[in-house]
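A structural walkthrough
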Amino acid sequence: MVAAFTQRCRIAYFSMEIALQPEIHSYAGGLGILAGDTVRSCADLELPVVFVTLISRNGYLRQVIDADGRQGEQPDPWEPERWAQPLGAKVAVSIEGRDVWVRPWLYRHRGTLGYEVPVVLLDTALDENDPEDRAITGTLYGGDDAYRLKQEVALGIGGFRLLRALGFEIETYHMNEGHSALLALQLLNDQRHADGRLTEGGAHDPEPARQRCVFTTHTPVEAGHDRFPYDLVERTLGTGADVEALKAFAGTDCLNMTRLALNLSGYVNGVAKRHAEISRHMFPGYRVHAITNGVHVETWTCESIAQLYQTSFPQWRHEPEVLVRADTLDDAAVWSAHETAKRALLDRVEALTGAALAPDVLMLGFARRMTGYKRPDLIFSNLDRLRALARGHPFQILVAGKAHPRDEVGKRAIEALHHCARDLAGDVPVVFLPGYDMELARFLTSGCDVWLNTPLPPLEASGTSGMKAALNGVLNLSVLDGWWMEACIDGVTGWAIGDADLGTAADDAEDLYHKLESEVLPLHRNDRARWIWMMKQSISKIASHFNSQRMMRRYAAEAYLR
Ligand SMILES: *Cc1c(COP(=O)(O)O)cnc(C)c1O
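All values derive from a computational prediction rather than experimental measurement. (Residues numbered from 1 in each chain as written. Predicted model: local features only at pLDDT ≥ 70, side-chain atom pairs only at ≥ 80, totals over all residues. Heavy atoms only, no water.)

**Focus on the packing of helix H13 (residues 303–312) against helix H14 (residues 331–353)**
It is at 7 Å that the axes of H13 and H14 come closest, and there the two elements cross at 155°. Put simply, H13 runs roughly antiparallel to H14. For the pair H13 and H14, the contacting residues are Ser304, Ile305 and Leu308 in the first and Ala333, Val334, Ala337, His338, Thr340 and Ala341 in the second. (Axes fitted to C-alpha atoms, helices over the stretch in contact; angles between N-to-C directions. Helix = DSSP H or I, 4+ residues; strand = E, 2+ residues; numbered from the N terminus. Parallel < 35°, antiparallel > 145°, perpendicular 65-115°, else oblique. Contact = heavy atoms within 4.5 Å.)

If you want it as structure tokens, here you go:
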């Protein structure tokens, strides 16, 4: 079953999460969406890549919100049997002195022209394993540090060995974030066994491994970089652990997965130009390239807009660059396609929450992981100000997003949002949509009028939901950070909030209100022609460039073909 793939695939892409489709819950947020768009673009471009991820049978979390606006989490299981086939191979990894067996499932992603890309889903839920070990590939980002380290052993070491057991001959390993960095160590060990090669001081020569590894770092936020104390590492990896090699490459005080990946990768990149710069400051001494993220246009373009593209640019799915000519689209057709998308969103909102929102009132959307640096509460900093704005030009707000179970700040933000919504009732309709996922993201990023993003710079590495919005003609109103620094032409492709360098929380809130009051709301009310012109500018300048095909062409040319 895998023979066709093993013969062809020379690049292995490892990611803790991949968003393959809405029914497969093996993703949590932006990192997984990006990996999924990477799979889809590899199929379009016919790139010889095999993907490896955890099966995450219980998903990330199903979000339930109680009457007080507090988030609760439930398991979010999916059915691997419906979407993937178990393969007849298994390998063991050593965890706490036990052999833990890892089995692969094969998911095949088929591109529209028929090229198939294999995705290997790693599963430890086997009868051979202790009940505790069966749960290792159960919950994405669940549990404590010990659980996370076991998952990363399964991913990095288990995945590496399974590819070999299945017959893959991999030349290049791409680590999407540091979670899979143990694979690089494995490669290093392999090399050593293969040729007994040691450098002068007795340390392992990392050069051969480095030539084969690519590392993409995704966040300047500290909590995004896994660190494990060495006593935990020794307990987990057991006597087989080459702790000396680990300390040489991953730091002497703790196992820093980012450091490990940096030291063992010959190509390192950040996910936007600004993010690469920040990463160079965070990790002095490393050469950090920039490949700005993109989104898969076919996946994220809603039906009505897709029809519009199909009529004018029949090759748009395979060559999104042609959308650069979107400024030639017919105004009335653009507006009508947008109205259709907005109607679909409002129907979905009503079905989910019972709230009936108005189709002709400007809709602001804010949906993303609920966590401190994303500042979901920024727009609610001054409720009186919001009320006053809405008296001039009515608008409504949709909010969605999950908080990690251990992110207290994020959870409090969700609660606070619910209180704000209650306070604003009657003045500004605010609706929180529970269970933000790929499907809801599709409705939101195509059906809102304005897509809001207010991170605390420089902490938003890239951001991708705004790209999805743009390719549906939804205008971005965003703090200058991440990808938006490359895409924003204020008043043309959308609007900037704050200053790229000087932003402080209070200024950004004030600037946001000011932008809404002086530009966004009046333009929407009074100048439909100019609004549609901006929609077309946004599509033509953003969709043609910030797509995952352009992104993968760059990875192929610059990172894989070195
Ligand atoms: C696109 C997407 C994200 C990432 O959005 P950001 O703007 O990068 O925060 C997260 N979750 C889901 C479900 C998405 O579709």
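There's plenty left to go through after this.
**Some details on the sheet that holds strand E20 (residues 494–497)**
The strand order E17-E16-E15-E18-E19-E20 describes an open sheet built from six strands, whose pairing is parallel. What marks the edges here is a single partner per strand, and that holds for strand E17 (430–433) and E20. With strand direction ignored, the average angle separating the axes of adjacent strands in the sheet is 20°. In terms of strand pairing, strand E19 (residues 475–479) meets E20 through four bridges, oriented parallel. Looking at the pairing, Asn476 lines up with Gly494 of E20. (Pairing = 2+ DSSP bridges.)

**A few points about the state of the cysteines**
Taken as a whole and assessed by the stated rule, the structure comprises zero disulfides. As a non-bridged cysteine, Cys420 has Cys448 as the owner of its nearest cysteine sulfur, 18 Å distant. For Cys420, a relative accessible area of 14% gives the class buried. (Disulfide = S-S within 2.5 Å. Buried < 20%, exposed > 50% of the residue type's maximum accessible area, 1.4 Å probe, protein only.)

**Examining the side chain of Gln71**
Inspection of the secondary structure puts Gln71 in strand E4 (residues 71–74). Looking at Gln71, its side chain comes within polar contact range of the side chain of Glu73, at 2.9 Å. Side-chain polar atoms of Gln71 contact the backbone oxygen of Ala403, separated by 2.8 Å. In this structure, Gln71 is in contact with Leu61, Gln63, Val64, Ile65, Lys402, Ala403, Lys411 and Ile414, ignoring residues within four places of it in sequence. (Polar contact = N/O pair within 3.5 Å; in protein donor to acceptor, adjacent residues only side chain to side chain.)

**Describing the domain arrangement of the chain**
When the domains of the chain are assigned, the result is domain 1 (3–293 + 551–560) and domain 2 (297–546). Between the C-alpha centres of domain 1 and domain 2 the distance comes to 31 Å. Contacts between domain 1 and domain 2 engage 37 residues on the former and 45 residues on the latter. Of the roughly 3,200 Å² buried at the junction of domain 1 and domain 2 (both faces included), carbon and sulfur atoms supply 53%. In this assembly, domain 1 and domain 2 are joined by three salt bridges. Linking domain 1 with domain 2 are 15 residue pairs in polar contact (both at pLDDT 80 or more). Here the residues of the side of domain 1 that touches domain 2 sort into 16 nonpolar, 11 polar and 10 charged. (Domains from an automatic or database assignment. Buried area = accessible area lost by both parts, 1.4 Å probe. Salt bridge = Lys/Arg side-chain N within 4 Å of Asp/Glu carboxyl O. Nonpolar A, V, L, I, M, F, W, Y, C, P; charged D, E, K, R; others polar.)

**Description of the site of the ligand**
Residues in contact with the ligand amount to 14 residues; listed here are only the nearest, Lys374, Ala441, Thr464, Ser465 and Lys468. A distance of 2.5 Å separates an oxygen atom of the ligand from a polar side-chain atom of Ser465. Within the side chain of Lys468, a nitrogen or oxygen atom sits 2.6 Å from an oxygen atom of the ligand. Across the complex, the protein chains shield 94% of the 390 Å² of accessible surface that the ligand would expose by itself. Put simply, the parts of the chain that give the shell around the ligand at least two residues each are helix H2 (30–45), helix H17 (438–447) and helix H18 (465–471). Both domains that meet at the shell around the ligand, namely domain 1 (3–293 + 551–560) and domain 2 (297–546), each give it at least three residues. (Near = heavy atom within 4 Å. Areas by Shrake-Rupley, 256 points an atom, 1.4 Å probe, with all protein chains shown as cover.)

**Some details on the pairing of E17**
On a regular strand, each side chain points to the face opposite its neighbour's, so the side chains alternate between the two faces of the sheet. Burial along E17 is two-sided: the face carrying Val430 and Phe432 and the face carrying Val431 and Leu433 are both buried. Note: strand E16 (residues 395–400) against E17, four bridges, orientation parallel. The partner of Ile397 across the bridge, within E17, is Val430. Handedness of the β-α-β unit built from E16, helix H16 (residues 408–424) and E17 comes out right-handed. (Right-handed = clockwise from strand over helix to strand, strands pointing away.)

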